[in-house]
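For reference, the chains in residue letters:
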Amino acid sequence: MAEAVLGVIGGSGIYDLPGLEGAEWIGVESPWGDPSDAVRIGHIDGLKVVFLPRHGRGHVHSPSQINYRANIDVMKRCGVTDLISVSACGSLKEELAPGTFVLVEQFIDRTFAREKSFFGTGCVAHVSMAYPVSPRLVDHVEAAARAEDLKYRRGGTYLAMEGPQFSSLAESHLYRSWGCDVIGMTNMPEAKLAREAELCYATVAMVTDYDSWHPDHGEVDIQQIIKVLHDNAHHAQQLVARLARDLPREHETCPIGSDRALDYAIMTAPDKRDPALLAKLDAVAGRVLFDKD
Ligand SMILES: CSC[C@H]1O[C@H](OP(=O)(O)O)[C@H](O)[C@@H]1O
Ligand SMILES: Nc1ncnc2[nH]cnc12
C-alpha cells in the first residue's frame, strides 16, 4: 500500500497553509509549463502535505490563465495521492447562505478557453467523469467538517463558468433552472485533470455570495466576497488541518477507481504513440505507460 500524501489547492483568499511542520516553498518544474506558484511542502502529524495557491501568492493568475495542467502535474510529481480543492463560490440556492461549505459531488463544465487534457494526438485517452469526486475522500472531509463544527452541506452541483466576469442575471437564472447549487470559475478542468492523473479529488466550495439571481442581495460585489473570504478563511484552514490529522496514513484504494482511472483509458496503439508526448506524461501516466506502480 502507498503512503498517503495530501495535496491542497487553495483558491481565492487561501495563499498559505499555517500549521505545516518543517514547511518550505519549493519550486517544482513541469513539462506542462509554469504552475501557479512554488509548492509549500510540510507535515501535519507525520502526514506529508503539499499546498499550492491556485492563483499564486498575491492572487496574480486569473481563472482562465491558470495553468491547470502544470498544477496537477506538479502535485503528482510531489507524490500526492489525495487532492482537495478549497474554492470560493457563489450560491444558486436560497438555503446555501454565505459561509456554508459545500462538499461538491458533481460539476457542469461551461469553460471554453482552457487546456482540458494531458492527452491528445500521439496518445489519446478517455477517462470516466461520471463521478468526478472520490467518495471516500469526501467522507474524510465531511468527518473533518463535523468535528470542527462547520456549517456544511454534502452534495451539490458546481457550475464552472469561464469568467473572469461574473454571470448575467439571465445566466444565473439559467444555471438555477438546471438545478445547479453553486457557481465558480476554477474547478474545471482541474477535476478532469486530477482524474487523468489518477488523483483522488474532492472539492470544498465556500459560499461567498448569492451570485446575481437573489432579489434581496443584488449584484455580486467583490468587496463583499473578500469580506466573507476573510471572515471564513480560518474555517477552511481548520478543516484542512483536521483532515490532515485524521486522514489514514496509507492511501485507501478509491471505491470508484479514481486512482486506477488509466487502467483501460489509453486508446492509441503502443507503436503509434508519440515519444515526445509520452515523455511529458511521465508523472501523470507513468504507472500505465512505463509499468511504474
Ligand atoms: C474572488 S471571486 C472569483 C474567484 O473566486 C473563485 O476562485 P477559487 O475557486 O480559486 O477560490 C472563483 O472561481 C473565481 O476565480
Ligand atoms: N458568484 C460567483 N460566480 C463565480 N465565481 C465565484 N466565486 C465566488 N463567487 C462567485
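Basis of the calculations
Residues numbered from 1 in each chain as written. Chains lettered and ligands numbered in written order. Predicted model: local features only at pLDDT ≥ 70, side-chain atom pairs only at ≥ 80, totals over all residues. Heavy atoms only, no water. Buried < 20%, exposed > 50% of the residue type's maximum accessible area, 1.4 Å probe, protein only. Helix = DSSP H or I, 4+ residues; strand = E, 2+ residues; numbered from the N terminus. Phe/Tyr/Trp six-rings, centres within 6.5 Å; stacked < 30°, edge-to-face > 60°. Lys NZ or Arg CZ within 6 Å of the ring centre and 35° of its normal. UniProt positions renumbered as here; feature names shortened; annotations may be inferred. Near = heavy atom within 4 Å. Polar contact = N/O pair within 3.5 Å; in protein donor to acceptor, adjacent residues only side chain to side chain. Areas by Shrake-Rupley, 256 points an atom, 1.4 Å probe, with all protein chains shown as cover. Nonpolar A, V, L, I, M, F, W, Y, C, P; charged D, E, K, R; others polar.

Considering helix H1 (residues 68–77)
Here is step 1: Burial within H1 is extensive, with eight of its ten residues counted as buried.
Here is step 2: All of the buried residues along H1 are Tyr68, Arg69, Ala70, Asn71, Ile72, Asp73, Val74 and Met75.
Here is step 3: Backbone geometry just after H1 places Gly79 at a positive phi near 90°.

Overview of the packing of aromatic side chains
Here is step 1: For the structure on display, the rule yields four aromatic pairs.
Here is step 2: One residue, Arg57, lies across the ring of Trp25, its end atom 3.7 Å from the ring centre.
Here is step 3: Positioned over the ring face of Trp32 is Lys280, at 4.2 Å from the centre of the ring.

Overview of the UniProt feature "domain: Nucleoside phosphorylase" (unreviewed entry) in the chain
Here is step 1: When the UniProt feature table is mapped onto this chain, "domain: Nucleoside phosphorylase" (unreviewed entry) is found at residues 6–244.
Here is step 2: Note that residues 6–244 is 27% helix and 26% strand, and that its end C-alpha atoms are spaced 7 Å apart.

What about the site of ligand 1?
Here is step 1: Around ligand 1, a shell composed of 13 residues is seen, among which Arg54, His55, Ala88, Met185 and Thr186 lie nearest.
Here is step 2: Ser87 is positioned with one of its side-chain polar atoms (N or O) 3.3 Å from an oxygen atom of ligand 1.
Here is step 3: Look at ligand 1: alone it shows 390 Å² of surface, and the protein chains cover 91% of it.
Here is step 4: Grouping the constituent residues of the shell around ligand 1 by class yields six nonpolar, six polar and one charged.

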